[in-house]
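Examination of the molecular architecture
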Amino acid sequence: MELNSIGLDAKQSRELGKELNVLLANFQRYYMNLRGIHWNIKGKRFFDLHVKFEELYDDANLKVDMVAERILTLGEVPLHTFEDYIAIAKVPQGKNVSVDEKAIRLIVDSLKELLKIERRILDASDEANDEGTNSMMSDFITEQEKTVWMMKAWLAEEI
């Protein structure tokens, strides 16, 4: 088995880098969705939601950077063009979303997709004994599950 410079199996690290690039593309679309709903939200809940959406897109932007840096740490190259993101992103694309319930639904649906990808990466990183990626995915999952719960509560829906 060939080890990379951080002591992980090189082949498994390459595969994790590919999966992290999928996550990166999806986070980029999620981030753009959040920016759009932040800018375009209207209605009586504008003040509360405008601030909340900014909080979420700031967090998503940090996570984009963390994922890209983890890809580099594993010896791979992070995707960095919209063309690449569009080609592989599965997070739903929101356009001109200005109604509060549609905005919250877009967030929930986006997070569901991110959580699927993160759980897949968590399994692979556990198998590769990659604690750095594993820890990152675990932290992301914990945060996003709570956000889904809160958004579903806002929608008056069961988790």
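Preceding this section is the structure that the text describes.
The rules behind these values
Residues numbered from 1 in each chain as written. Predicted model: local features only at pLDDT ≥ 70, side-chain atom pairs only at ≥ 80, totals over all residues. Heavy atoms only, no water. 1 Å grid on protein atoms, 1.4 Å probe; cavity = no way out; pocket = protein on both sides within 12 Å on 5 of 7 lines; lining within 4 Å. Points joined across faces, edges and corners; volume = space filled by probe spheres on them. Helix = DSSP H or I, 4+ residues; strand = E, 2+ residues; numbered from the N terminus. Nonpolar A, V, L, I, M, F, W, Y, C, P; charged D, E, K, R; others polar. Buried < 20%, exposed > 50% of the residue type's maximum accessible area, 1.4 Å probe, protein only. Lys, Arg positive; Asp, Glu negative; His and termini not counted. Salt bridge = Lys/Arg side-chain N within 4 Å of Asp/Glu carboxyl O.

**Notes on the layout of surface pockets**
Rolled over the atoms, a probe sized like a water molecule indicates the empty space that remains. Estimated volume of the largest pocket: approximately 330 Å³. As for the largest pocket, its lining consists of 19 residues, and the residues nearest its centre are Arg29, Met32, Asn33, Gln93 and Gly94. Taken together, the elements giving at least two residues each to the lining of the largest pocket come down to helix 1 (10-40) and helix 3 (82-88). Among the elements that take part in the lining of the largest pocket, helix 1 stands out by supplying 10 residues, more than any other. For the lining of the largest pocket, the class distribution of residues is nine nonpolar, seven polar and three charged. One number sums up the size of the second largest pocket: a volume of about 210 Å³. The wall of the second largest pocket is formed by 13 residues, among which Leu56, Asp59, Glu143, Gln144 and Thr147 lie closest to the centre. Looking at the lining of the second largest pocket, the elements that each hand over two or more residues are helix 1, helix 2 (46-73) and helix 5 (131-154).

**Details of the side chain of arginine 29**
Topologically, arginine 29 is positioned in helix 1. For the buried arginine 29, which has no salt bridge, the nearest side chain bearing the opposite charge is glutamate 113, at an N-O separation of 9.4 Å.

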